[in-house]
Structures are given as C-alpha cells and as structure tokens.
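As a plain string of letters, each chain reads:
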Amino acid sequence: MHRFIQQLPKVELHLHIEGSLEPELMFELAQRNQVDIPFTSPQEVRDAYQFTNLQDFLDIYYQGANVLLHEQDFYDLTWAYLLRCKEDNVIHTEIFFDPQTHTARGVAFETVIEGISKALDQGKKELGISSQIIMCFLRHLSEEDAIKTLEQALPYKDKIIGVGLDSSEQGHPPEKFTEVFRQAHEAGFLAVAHAGEEGPAMNIRNAIDILGVHRVDHGVRCVEDKALVTELAETRMPLTVCPLSNLKLKVFEEMEEHNIVELLRQGLCVTINSDDPAYFGGYMTDNFNAVADAHPMSHEELAQFTLNAIEASFIADQEKQQMKNTVHKFLTIHG
Ligand code: ADE
Ligand code: ZN
C-alpha cells in the first residue's frame, strides 16, 4: 500500500509555504540574516513542536517566520518545498502565503511574491510541477488591514490566483471579512477560506454563503450539521483536509477517529493535504500513509483523493483532463 501511495500522482491544495520551513533551514536563515531565535539546535526546535490547539501552533509558527527577510529566503523556502513535492510525486500544488506576517515586519510584499514565484517558475521548468499562489488574510487582524493587503496585491494580480483566510478561527468568523472578499471577487480573484477546523459548522456555511468561497480549507466539523454534509456532497464543494495537522492540533485524538474516509464514501469532494508539513510531521505521502494505515482503503479510493483535488484545483479544464488521464493511466498500470 505504501509503495502504491508513494508512486500515486498527487495534487496539493492546502499548503502554507511558511509552514514548510524545516528547522535546519530556519537555523541557516537565522545565521545568514543574523536573526535571534530562541533555540540552540534544529532538534530543540522539533522538540518544541508539541501543540494542544491551533493557537499554540500559530504562536510558534509566526515566530519561525521571523527568519524570512530577503527574496532569496522566500526562494530557498519554496524551492526546498518543491524538492519534497518531487519526491512525493506531487504534480500540481496551490500554495498559500501570509503577506501580513511579513509586511508587518517591514518586508515588502514584492520581496515575498518575487521569491516564491521565481522558485515556482523554476519548479515548472526543471521539475515539471505546476502551481498557483493564493494569498491569505490573517483573521486575527482587522478587515481594514486585509483590505490594505488586497490593495498591495493588485500589481501582482497575474501571479496570484485567489485569496484565502487563515489564522485563529475562534472569535474571528468568516463574516468579519465580508467586504474584503467582496472586493477580492470584484477584482477577479478566486476565494477559499479556513473554516470548520476549530470553529463550528456554521463557519463553513458562512464561508460559502457570505464569502463566496470555491473551496473550504479543513471543513471537517461539517459533520455536526447533517444537512450541510448533504449539501456539500450534492454541490461537490471541495474540502481541503489535512489529516496530520488535525492530529497534531487535537482536532481529532486518533487517526482512526478522523472522518475523511467516511466523507469520501458519502460522496464529498475531500482531498488530502499537508498544511504545515515542517510543523506537523509530514508531507503529502506521509499524510496519505497515515490515513490509509488507520482506514483500510482500495487503490481506487486512494486515487479518488487525487481525482478530487484535480476537480477542485484552480487550473484550466484542459489541464485538469490531462491530469485525470495521468491518474487513470497510473491506476490501470498499478491498480
Ligand atoms: N496558518 C497556517 N496553518 C494554519 C491552520 N492549520 N489553520 C489556520 N491558520 C493556519
Ligand atoms: Zn491551513
């Protein structure tokens, strides 16, 4: 099973590039940029990654991002992630970045987007991995701040396919960002939002109905509203689920309790993603393995996660069809 999973073509739709910062690179960048970090070794960093909830993680995650200052840093970060994608047979990835985490420290929007997009361009040319960029608003900050960030993004619209919403869900519901999402739609951006990770099912409804999202990030708490689950299945509204993240942040205590396979079997467009792999102990293959180990599944079901991700991706229909053909061909040979 693990061999099949390793070789299976994969598509990632929920990856925070800042969350792919491995402790070794964090140390290298801290030295290069002469930034103080409160750790003496990469192992000490790893030992600190014990979280009891989302906020615990976010506090450490924002601290880690302090070592990212220059275009080269964002380039190196993104390139390291792409090399991991290659190992895991990820053929397409749509990555998030959090501009406000950087602009609040005096790093220019341009520095961030140029570093990331240069690495992604090279990834397409040298590794054959296609990609898109989505910028997320930090929901613990004000809507006014998000609107300023949207304005900063306008000159780079050709590099950014959509907007998202992340950070602390508790106390910062989707409807707080109604106006900025309205403006983003008007400017031609697609939209996604984290909802129903730690927050209630109502946040999923409101992300869909009020923010007009095309995908829901996480969304696993939809099961608390039976009518919503039926609606998600009927509309094929995608959920970008992150199994190892959910375990690390105690959304589920055990992988056996995770609802992703149940949702797949109910016909929802669920996908498997790594979220913040450097913090949660695994990239795409690790996430697939963890789900398959806890929930016995057929090869077809495993491949369905990739087919769902292709359906949910922000790429042209013709490319989607080509990717689907690749997966069907893989299943014929390895199935
Ligand atoms: N930012 C990075 N990872 C996140 C997550 N899992 N939830 C909310 N915000 C995040
Ligand atoms: Zn996330």
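One numbering rule holds for all chains: residues counted from 1, following each sequence as written. Here every chain gets a letter starting at A, and every ligand a number starting at 1, in the order they are written. Totals for whole chains, interfaces and linings use all residues, but because this is a predicted model, local features are given only for residues with pLDDT of at least 70 and pairs of side-chain atoms are given and counted only at 80 or more. As a convention, hydrogens and water are excluded, and side-chain values are obtained from all of the structure's heavy atoms.

1. Brief notes about the nonpolar core
A general feature of soluble globular proteins is that nonpolar side chains tend to end up buried together. Counted only if it meets this: Side-chain atoms within 4.5 Å are what join buried Ala, Val, Leu, Ile, Met, Phe, Trp, Tyr and Cys residues into a set we call a nonpolar core. Categorising residues by exposure relies on relative accessible area from a 1.4 Å probe, with only protein chains included: less than 20% of the type maximum marks a residue as buried, more than 50% marks it as exposed, and the intermediate range marks it as partly exposed. For this analysis, residues touch if any pair of their heavy atoms sits within 4.5 Å.
Phe97, Phe181 and Tyr279 are the most contacted members of the largest nonpolar core, which totals 117 residues. Sequence-distant contacts of Phe97, that is, excluding residues within four places in its chain, are made with Ile17, Glu18, Phe109, Val112, Ile113, Ile116, Ile133, Ile134, Met135, Cys136 and Ile160. Formed by five residues, the second largest nonpolar core is a distinct cluster that contains Phe96, Cys136, Val192 and Phe314.

2. Considerations on the sheet that holds strand S5 (residues 190–195)
Two modes of strand pairing occur in sheets, parallel and antiparallel, and in both the strands are linked by backbone hydrogen bonds. Worth spelling out the cut-off: Whether two strands pair comes down to DSSP finding at least two bridges between them. Every helix listed is a DSSP run of H or I at least four residues long, and every strand listed is a run of E at least two residues long, numbered separately from the N terminus. For helices, the axis comes from a line fit to the C-alpha atoms of the stretch in contact; other axes are also lines fit to C-alpha atoms, and the angle between any two N-to-C directions lies between 0 and 180 degrees.
An order of S1-S2-S3-S4-S5-S6-S7-S8 is seen for the eight strands of this open sheet, with the pairing classed as parallel. One side of each edge strand has no neighbouring strand; the edge strands of this open sheet are strand S1 (10–16) and strand S8 (270–272). Neighbouring strand axes in the sheet, compared pairwise and without regard to direction, differ in orientation by 25° on average. Along the sheet face, helix H7 (residues 109–127) touches strand S2 (90–97) and strand S3 (130–138) and points at about 155° away from the line of S3. Where helix H8 (residues 143–153) meets the sheet, it contacts S3 and strand S4 (162–166), and its direction lies at approximately 150° from that of S3.

3. Describing the UniProt feature "binding site: Zn(2+)" (unreviewed entry) in the protein chain
We count it as follows: UniProt positions are given in the numbering used here, feature names are shortened, and annotations may be inferred rather than shown by experiment. In protein, a polar contact requires one atom able to donate a hydrogen and another able to accept it; more generally it is a pair of N or O atoms within 3.5 Å, and residues adjacent in sequence count only if both atoms are side-chain atoms.
UniProt records the feature "binding site: Zn(2+)" (unreviewed entry) for His14, His16, His194 and Asp275 in the present numbering. With the annotated positions falling across 262 residues, the maximum pairwise C-alpha distance of 11.8 Å places them together in a single cluster. Tracing the chain through its elements places His16 in strand S1. Take His16: its relative accessible area is 4%, and that puts it in the buried class. For His16, the residues in contact, after removing those within four places along its chain, are Tyr61, Phe96, Asp166, His194, Asp275 and Asp276. Only 3.4 Å separates the side chain of His16 from the side chain of His14, close enough to count as a polar contact. Note that His194 resides in strand S5. If sequence neighbours within four positions are ignored, His194 has contacts with His14, His16, Phe96, Arg139, Leu165, Asp166, Asp217, His218 and Asp275. There is a polar contact of 3.1 Å between the side chain of His194 and the side chain of His14.

4. Things to note about the environment of Thr306
Here Thr306 lies in helix H16 (residues 299–312). In sequence terms Thr306 and Val327 are 21 residues apart; their C-alpha atoms lie 7.7 Å from each other. When residues no more than four places from it in sequence are discounted, the contact partners of Thr306 are Leu8, Pro9, Lys10, Val11, Phe288 and Val327.

5. Quick word on the coordination of the zinc ion (ligand 2)
In plain terms, the rule: Water is not among the atoms examined, so metal sites may look incomplete; donors are the N, O and S atoms within 2.8 Å of the metal, or within 3.2 Å for Na, K and Ca. Under this scheme a four-donor centre is tetrahedral when all angles range from 85 to 135 degrees, a four-donor centre is square planar and a six-donor centre octahedral when opposite donors are above 155 degrees with the rest from 65 to 115, and any other centre is irregular.
Coordination of the zinc ion (ligand 2) by the protein is provided by His14 (NE2), His16 (NE2), His194 (NE2) and Asp275 (OD), with metal-donor distances spanning 2.0 to 2.3 Å. Coordination at the zinc ion (ligand 2) is irregular, judged from the four donor atoms that bind it and the angles of 83 to 173° they form at the metal. Positions of the donor residues of the zinc ion (ligand 2), expressed as sequence spacing, correspond to H-x1-H-x177-H-x80-D. Remark: Asp275 occurs in the loop between S8 and helix H14 (277–280) and His16 occurs in strand S1; sequence separation between them is 259 residues.

6. Re the site of ligand 1
Selection rule: A single heavy atom is enough: if one lies within 4 Å of a molecule or strand, its residue is considered near that molecule or strand.
Every residue near ligand 1 is listed here: His16, Leu54, Phe57, Leu58, Tyr61, Asp166, Ser167, His194, Glu197, His218, Asp275 and Asp276. Contacts to ligand 1 include His218, whose side-chain N or O atom sits 3.4 Å from a nitrogen atom. One of the side-chain N or O atoms of Asp276 is found 2.6 Å from a nitrogen atom in ligand 1. Per element, the largest residue contribution to the shell around ligand 1 is four residues, and it comes from helix H4 (residues 54–64).

7. Regarding a negative patch on the surface
Operational definition: Residues with no salt bridge and a relative accessible area higher than 30% make up the patches, which join like charges within 9 Å and nonpolar side chains (Val, Leu, Ile, Met, Phe, Trp, Tyr) within 5 Å. Here the accessible surface of atoms and residues is derived via Shrake-Rupley with a 1.4 Å probe, and residues count as covered only by protein chains that are part of the display. What counts as a salt bridge is simple: a side-chain nitrogen of Lys or Arg found within 4 Å of a carboxyl oxygen of Asp or Glu. Counted as positive: Lys and Arg. Counted as negative: Asp and Glu. His and the chain ends are not counted at all. For the purpose of locating charges, the reference atoms are NZ of Lys, CZ of Arg, CG of Asp and CD of Glu.
On the surface, Glu253, Glu254, Glu256, Glu257 and Asp293 cluster together into a negatively charged patch. Within the element layout of this structure, Glu256 appears in the loop between helix H12 (243–248) and helix H13 (260–265). When its relative accessible area of 53% is taken as the criterion, Glu256 is described as exposed.

8. Considerations on the packing of aromatic side chains
Stated formally: Each Phe, Tyr or Trp ring, with Trp reduced to its six-membered ring, pairs with another whose centre is within 6.5 Å; inter-plane angles below 30 degrees give stacked pairs, above 60 give edge-to-face pairs, and intermediate values give tilted ones. Lysine NZ or arginine CZ positioned within 6 Å of the ring centre and within 35 degrees of the ring normal marks a charge as sitting over the ring.
Tallied over the entire structure, the rule returns 14 aromatic pairs. Plain terms: the ring middles of Tyr49 and Tyr279 are 4.6 Å apart, the flat faces sit at 35° to each other, and that makes the pair tilted. In this pair, Tyr49 is assigned in the loop between helix H3 (42–47) and H4 and Tyr279 in helix H14, connecting sequence segments 230 residues apart. For the pair Tyr49 and Tyr279, a shared accessibility class is recorded, and that class is buried. Taking 6.1 Å as the distance between ring centres and 90° as the angle between the ring planes, the aromatic pair formed by Phe288 and Phe305 counts as edge-to-face. Separated by 17 residues along the polypeptide, Phe288 in helix H15 (residues 284–294) and Phe305 in helix H16 bring together distant segments of the chain. A network of ring pairs unites the aromatic residues Tyr49, Phe51, Phe57, Tyr61, Tyr62, Tyr279 and Phe280 as a single cluster. For the cation-ring pair, Arg84 lies above Tyr283, with the distance from its terminal atom to the ring centre recorded as 4.3 Å. Directly above the ring of Phe189 sits Lys157, whose terminal nitrogen or CZ lies 5.2 Å from the centroid.

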